[in-house]
Amino acid sequence: MKKYLVIGNPIEQSLSPKIHNFWIKQNKIKAIYEKKKIDKADIPSLILDIKKENLQGMNVTVPFKKLVIPYLDEMTECAEKTQSVNTVYKKQNKIIGDNTDIEGFERSLKDTNHDIKNKKIFILGAGGVVSSIILALKNLGAAEIILSNRTREKAENIKKIYSNLKILDWGEIPIFDIIVNATSLGLKKEDKIELNLTNSGQDKLFYDVIYNPDMTNFLMEGKKLGNKVKNGKMMFIYQAQLAFNIWHNILPKIDNETIDLFNS
Ligand code: ATR
């Protein structure tokens, strides 16, 4: 029996086991996918488990996407670029780190049919997933990417990777075509982002990386102001699909049944 894990802290809320086990069953693979809450100190022994093939792969989530890097033998080009890893596996006796968040975000954005080329994108937050979002937006031809984070220093750190990023103080609102909430504000139903977006115009895209709850206050406000909205559900499903493909060499189906997994 092959074994896979998602590691993070907290991890209770993760829906990765649900979707991976659904596809494992659908494709009649002999495997199990579990979630594990870990501390940083647990990473070396988990990597050793992959080396010894007690474990065939791991997804990595908050706050370990960067912290896992020193324990890897190699990284794919996009993981290297973003300094962020969400998928780990062994290949030719080497422990490899990959990043499927980038393409996950890219595909979910393509689904909205919003042309990103030459657009101005405003990102809120500077957590682990932001460097992936930025690379995806660059791949799609965004003209300008503006970042604002409560702790400005963390935004400045991301600018070390992407030098032409524009950083604004928390509370400053630029002109934008698309706004992305990549903060954790919204995970709790009552969370509100205290930013005044009422003068930002209409017909923009409000994108929230959060998918549970499926309508955050951020998206509700966006909608009320006359904008299109999109949550992080498809980004999550696509990143899982791409990780599944890396491990099992099968691109699993995304259909209504897959999407329905998130409604129950
Ligand atoms: P990590 O930073 O460990 O990767 P994350 O959940 O990916 O964790 O990121 C949390 C993001 O939400 C951060 O950008 C955080 O801002 P700080 O860097 O200032 O902590 C942001 N965030 C969380 N609570 C917030 C709040 N009350 N107001 C504004 N931003 C908040």
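Everything here concerns the structure above.
Along each chain, residues carry numbers from 1 onward, in the same order as the chain's sequence is written. At least 70 in pLDDT is required for a residue's local features to be given in this predicted model, at least 80 for side-chain atom pairs to be given and counted, and no such filter applies to totals for whole chains, interfaces and linings, which use all residues. Side-chain measures here rest on the full set of heavy atoms in the structure, leaving out hydrogens and waters.

Trainee: What is the right way to look at the packing of aromatic side chains in this model?
Mentor: The geometry of an aromatic ring pair is captured by the separation of the ring centres together with the interplanar angle, meaning the angle of the planes. A pair of aromatic rings is counted whenever rings of Phe, Tyr or Trp (Trp by its six-membered ring) have centres within 6.5 Å, and the orientation is called stacked for planes under 30 degrees apart, edge-to-face for over 60 and tilted otherwise. Per the counting criterion, the structure on display carries 10 aromatic pairs. When the ring of Phe122 is compared with that of Phe176, the centres are 6.0 Å apart and the planes differ by 35°; the resulting orientation is tilted. Within this pair, whereas Phe122 is found in strand E7 (residues 120–124), its partner Phe176 is found in the loop between strand E9 (166–168) and strand E10 (178–181), the two being separated by 54 residues in sequence. When a residue's accessible area, from a 1.4 Å probe over protein chains only, is under 20% of the maximum for its type it is buried; when over 50% it is exposed; and in between it is partly exposed. The exposure class of Phe122 is buried, given its relative accessible area of 0%. On the numbers, 5.7 Å between centres and 80° between planes, the contact of Phe236 with Phe262 is edge-to-face. One end of the pair, Phe236, is in helix H8 (residues 233–248); the other, Phe262, is in the segment after helix H9 (256–260), and 26 residues separate them in sequence. The class for Phe262 is buried, based on a relative accessible area of 16%. Clustering of aromatic rings is evident, with ring pairs tying together Phe122, Phe176, Phe206 and Phe218. Segments assigned H or I by DSSP are reported as helices when at least four residues long, segments assigned E as strands when at least two residues long, and all are numbered from the N terminus.

Trainee: What am I meant to see in the side chain of Ser14 here?
Mentor: Structurally, the position occupied by Ser14 is in the loop between strand E1 (2–8) and helix H1 (16–26). We call two residues contacting when some pair of their heavy atoms lies within 4.5 Å. The contact partners of Ser14, leaving out residues within four places of it in the chain, are Val6 and Lys35.

Trainee: Help me out: how do you make sense of H8 in this one?
Mentor: In an α-helix, one full turn covers 3.6 residues, which means residues spaced three or four apart are oriented alike. Residue count minus one, scaled by 1.5 Å, sets the expected span of a helix. For H8, with 16 residues, the first-to-last C-alpha span of 22 Å sits near the 22 Å given by 1.5 Å per residue. Of all 16 residues in H8, 14 are buried; the element is thus mostly enclosed. In the stretch just after H8, Asn249 is the one whose phi turns positive, near 60°.

Trainee: Help me understand the pairing of E1, please; the structure alone is not making it clear to me.
Mentor: Put simply, side chains in a regular strand alternate between the two faces of the sheet. Burial of E1 is extensive: five of the seven residues sit out of reach of the surface. As for the winding sense of the linkage, the β-α-β connection from E1 through H1 to strand E2 (residues 31–37) is right-handed. Whether two strands pair depends on DSSP finding at least two bridges between them. Taken together, the four bridges between E1 and strand E3 (residues 57–60) define a ladder with parallel strand orientation. Bridging across to E3, Tyr4 finds its partner in Gly57. Classification remark: right-handed applies to a crossover when, strands pointing away from the viewer, the course from the first strand over the helix to the second runs clockwise.

Trainee: How should I be thinking about the pairing of E10 in this particular structure?
Mentor: Judged by which residues are buried, E10 turns out to be covered on both faces: Ile178 and Val180 on one side and Ile179 and Asn181 on the other are all buried. Where E7 meets E10, four bridges bridge the pair, whose relative direction is parallel. Residue Ile121 lies in a different strand from E10, and its bridge partner there is Ile178. Pairing between E10 and strand E11 (residues 205–208): four bridges, direction parallel. Across the sheet, residue Asn181 finds its bridge partner in E11, namely Asp208.

Trainee: Would you explain the nonpolar core in this entry?
Mentor: General note: in soluble globular proteins, nonpolar side chains tend to be found buried as a group. Nonpolar cores were defined as sets of buried Ala, Val, Leu, Ile, Met, Phe, Trp, Tyr and Cys residues, with membership established by side-chain atoms within 4.5 Å. If you look at the biggest cluster of nonpolar residues, it comprises 30 residues, and the most contacted ones within it are Phe105, Ile123, Ile133, Leu137 and Val180. At the level of elements, helix H4 (101–111), E7, helix H5 (130–139), strand E8 (144–148), helix H6 (152–159), E10 and E11 are the ones that each hand at least two residues to this core. In terms of residue count, the dominant contributor to this core is H5 (six residues). If we skip the residues at most four places from it in the chain, Val180 touches Phe105, Ile121, Phe122, Ile123, Leu124, Ile133, Tyr207 and Val209. Grouped together as the second largest cluster of nonpolar side chains are 24 residues, Val6, Ile11, Ile29 and Ala240 included.

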